[in-house]
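Below, each chain spelled out in residue letters.
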Amino acid sequence: MPASPSSSPNGKPKKEATLAQVTLLALLPSFVFAIGEGAIIPIIPTVAVSLGTGIEFAGFIAGSLMIGQMIGDLPAGAVVQRLGEKRAMLAALAVSLVGILLCAFAVAPWMLLIGVVIIGISAANFNLARHAFLTTYVPLRYRARVLSTLGGVFRAGFFVGPFIIAGILVLFDAPQYGFWVFIVCGAIAALILLFAPDPETVARPAHSAKVVADAGVGDVGVLPPKRLGVFATIRVNAGVLVRLGTGAGIMAALRAARNVMLPLWALSIGMDTAAAVLVIGVSAGVDFALFFVSGWVMDRFGRVWGAVPALLGLGAGFLALAFTHDLAGDASQLWFTVLAIWLGFANGIGSGILMTLGADLAPRQDPAPFLGAWRLITDSSAASVPVIVAAATALLSISFTSGMLGVLGFVGAALMGWQIPKHVPRPRR
């Protein structure tokens with residue numbers, strides 16, 4: 001007889017997923033994949049300029065990773081629902097190989113742009129598959145800690161990747177080599193998925209009534225009597241997607257703006273590429289160091305304590321950066337270094353908040369379609385950033401763009417502080 005959903009393939013009863021299982025088995029492939037992403041993000045503007053594009057369009061190409069994720073979000077929900085998490089991640093790695101080879105052998109900006117978009121599409125599938133697994137299998141009482149750890153895993157990859165590229169630039173002065181780092185990381189992630197134990201085979205879902213009651217966090221997503229498609233899920237949950245999604249979209253936009261603006265800002269003030277990559281790497285390290293603290297705070301005091309301080313910090317950082325571009329001497333580079341690290345700190349104290357909110361709101365029995373819609377909201381907001389940055393920089397200035405993002409951060413903090421308590425009850429201590 002086949003194993004029941006509550007038993008493992010060997011017939012033994014499945015137990016609740018432990019933190020060790022989640023960390024070592026579920027998050028390890030995401031960490032390796034994130035190293036590859038972190039390796040290519042800082043070099044995309046430099047490679048774009050070397051292919052003959054201007055600084056404005058270089059920023060657009062750099063941010064097109066998020067455009068690809070936006071394109072891939074809704075299909076990713078359907079793919080994960082149909083294939084399951086593991087096979088969806090393997091398919092995403094295969095697609096990413098096509099994109100990264102286009103980037104590595106690009107001879108024109110349009111080739112680089114298409115390659116980056118394809119990588120973004122594959123990242124949408126890869127990341128949603130892991131998000132759906134954690135939503136289904138991780139108990140609510142430590143959900144924020146696990147999802148902030150997933151956010152920390154991404155940050156760890158974005159921390160390690162730039163340092164690898166910095167070493168390559170010192171040794172070879174060839175930014176295009178960073179694309180081969182991504183290929184190696186993708187191969188390692190595929191091997192882990194193929195040969196490591198799959199936590200789905202040994203853990204039981206964590207959506208029983210007892211688990212929900214013990215957690216003290218409202219299971220506010222709609223539990224449908226049957227599996228809904230992506231568009232039906234959007235219709236059922238349209239209210240919460242609009243009300244809470246607005247603030248979440250602002251946060252996603254500011255986070256994407258940080259990834260676009262820092263390399264672009266360093267390029268505009270004439271900072272050495274290796275030095276800029278090093279600063280961005282240190283910023284990512286500060287960001288990464290705070291992930292577990294963020295999750296602990298959200299599990300203990302509520303989700304609002306992860307979202308609002310992060311948005312206030314990001315807003316203040318961008319606003320301050322706007323006044324430093326034309327300072328005399330090396331002052332602009334010094335302030336860039338300080339504020340890049342501050343932005344890493346602000347982002348870190350909100351680690352995992354958007355994934356945690358999505359998991360809180362998603363239907364327990366079939367989260368992938370809802371998470372696809374949730375991530376479409378956040379990723380489409382992030383994907384708008386390259387267009388906004390390119391247009392504002394071309395028409396006005398990069399300093400104006402930074403100031404505008406700073407004001408947006410304060411607006412987002414107000415919205416999240418207002419909407420989160422309405423939709424996600426504060427956890428019982």
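Residues numbered from 1 in each chain as written. Predicted model: local features only at pLDDT ≥ 70, side-chain atom pairs only at ≥ 80, totals over all residues. Heavy atoms only, no water.

Draft legend 1. Highlighting the overall build of the protein. Secondary structure summary: the protein contains 18 helices and 2 strands in total. Evaluated residue by residue, the protein yields a buried proportion of 59% over its 429 residues. By sequence separation, contacts in the protein at least 24 residues apart represent 87% of the contacts at least 6 residues apart. Accessible surface for the protein amounts to roughly 16,500 Å². Of this, 72% is attributable to carbon and sulfur atoms. (Helix = DSSP H or I, 4+ residues; strand = E, 2+ residues; numbered from the N terminus. Buried < 20%, exposed > 50% of the residue type's maximum accessible area, 1.4 Å probe, protein only. Contact = heavy atoms within 4.5 Å. Areas by Shrake-Rupley, 256 points an atom, 1.4 Å probe, with all protein chains shown as cover.)

Draft legend 2. Spatial organisation of the environment of Phe291. Note that Phe291 resides in helix α13 (residues 291-301). Put simply, Phe291 and Ser351 are 60 residues apart on the chain and 5.2 Å apart in space, counted from C-alpha to C-alpha.

Draft legend 3. Focus on the pattern of salt bridges. Applying the stated rule across the entire model yields 5 salt bridges. Between Arg143 and Asp360 there is a salt bridge; the shortest N-O distance is 2.9 Å. Taken as a pair, Arg143 in helix α7 (residues 143-172) and Asp360 in helix α16 (residues 353-361) lie far apart in primary sequence, 217 residues in all. Each member of the pair, Arg143 as well as Asp360, carries the same accessibility label: buried. Ionic pairing is found between Arg258 and Asp287, a salt bridge with its closest N-O pair at 3.2 Å. On the criterion of sequence distance, the pair formed by Arg258 in helix α11 (residues 238-268) and Asp287 in helix α12 (residues 273-289) is long-range, its members being 29 residues apart. In terms of burial, Arg258 and Asp287 fall into one category: buried. (Salt bridge = Lys/Arg side-chain N within 4 Å of Asp/Glu carboxyl O.)

Draft legend 4. View of the packing of helix α4 (residues 55-83) against helix α6 (residues 109-137). Viewed as axis vectors pointing N to C, α4 and α6 meet at an angle of 40°, and their least axial separation amounts to 6 Å. Taken together, α4 and α6 sit at an angle that is classed as oblique. In terms of crossing hand, the pair formed by α4 and α6 is right-handed. Its residues placed into classes, the contact of α4 with α6 shows 20 nonpolar, 7 polar and 1 charged. (Axes fitted to C-alpha atoms, helices over the stretch in contact; angles between N-to-C directions. Parallel < 35°, antiparallel > 145°, perpendicular 65-115°, else oblique. Left-handed = near helix turned anticlockwise from the far one by under 90°. Nonpolar A, V, L, I, M, F, W, Y, C, P; charged D, E, K, R; others polar.)

Draft legend 5. Structural context of α4. Its 29 residues place the ends of α4 41 Å apart at the C-alpha level, agreeing with the 42 Å of an ideal helix rising 1.5 Å per residue. Roughly 45° is the biggest bend found in α4, and it falls at Asp73, with proline Pro75 one to four residues downstream. (Expected span 1.5 Å × (residues − 1). Bend = angle between axes of the 7 residues up to and from the residue.)

Draft legend 6. Structural detail: empty space enclosed by the protein. Overall, the coordinates contain 4 cavities of 30 Å³ or more when judged by the stated rule. Each pocket or cavity is described by its volume, and for the largest cavity that value is around 900 Å³. Met66, Phe154, Phe158, Arg255 and Asn259 are, among the 39 residues lining the largest cavity, the residues nearest its centre. Those elements that place two or more of their residues in the lining of the largest cavity are α2 (28-40), α4, α6, α7, α11, α12, α16 and α17 (368-395). Looking at the lining of the largest cavity, the element that brings in the most residues is α11, giving 8 residues. Residues belonging to the lining of the largest cavity are distributed by class as follows: 21 nonpolar, 11 polar and 7 charged. (1 Å grid on protein atoms, 1.4 Å probe; cavity = no way out; pocket = protein on both sides within 12 Å on 5 of 7 lines; lining within 4 Å. Points joined across faces, edges and corners; volume = space filled by probe spheres on them.)

Draft legend 7. Examining the nonpolar core more closely. Within the largest apolar cluster, 110 residues are counted, with the highest numbers of intra-cluster contacts made by Leu112, Phe179, Phe336, Leu357, Phe370, Trp374 and Met416. Looking at this core, the element that brings in the most residues is α11, giving 17 residues. Once residues within four sequence positions are removed from consideration, Phe179 is found in contact with Ile40, Ile43, Val47, Ile100, Cys103, Ala104 and Leu112. Among the nonpolar cores identified, the runner-up in size contains 15 residues, and Phe133, Leu150, Val153 and Phe154 belong to it. (Core = buried A, V, L, I, M, F, W, Y, C linked by side-chain atoms within 4.5 Å.)

Draft legend 8. Geometry of the confidence of the model for the protein. With 85% of its residues at a pLDDT of 70 or more, the protein shows a mean pLDDT of 81. Least confident of the elements in the protein is helix α9 (residues 209-215), whose mean pLDDT is 35; most confident is helix α14 (residues 304-321), at 93. Taken together, the stretch residues 208-225 has pLDDT below 50 and engages in 43 contacts with residues farther than four places along the chain or on a different chain. (pLDDT = per-residue confidence, 0-100.)

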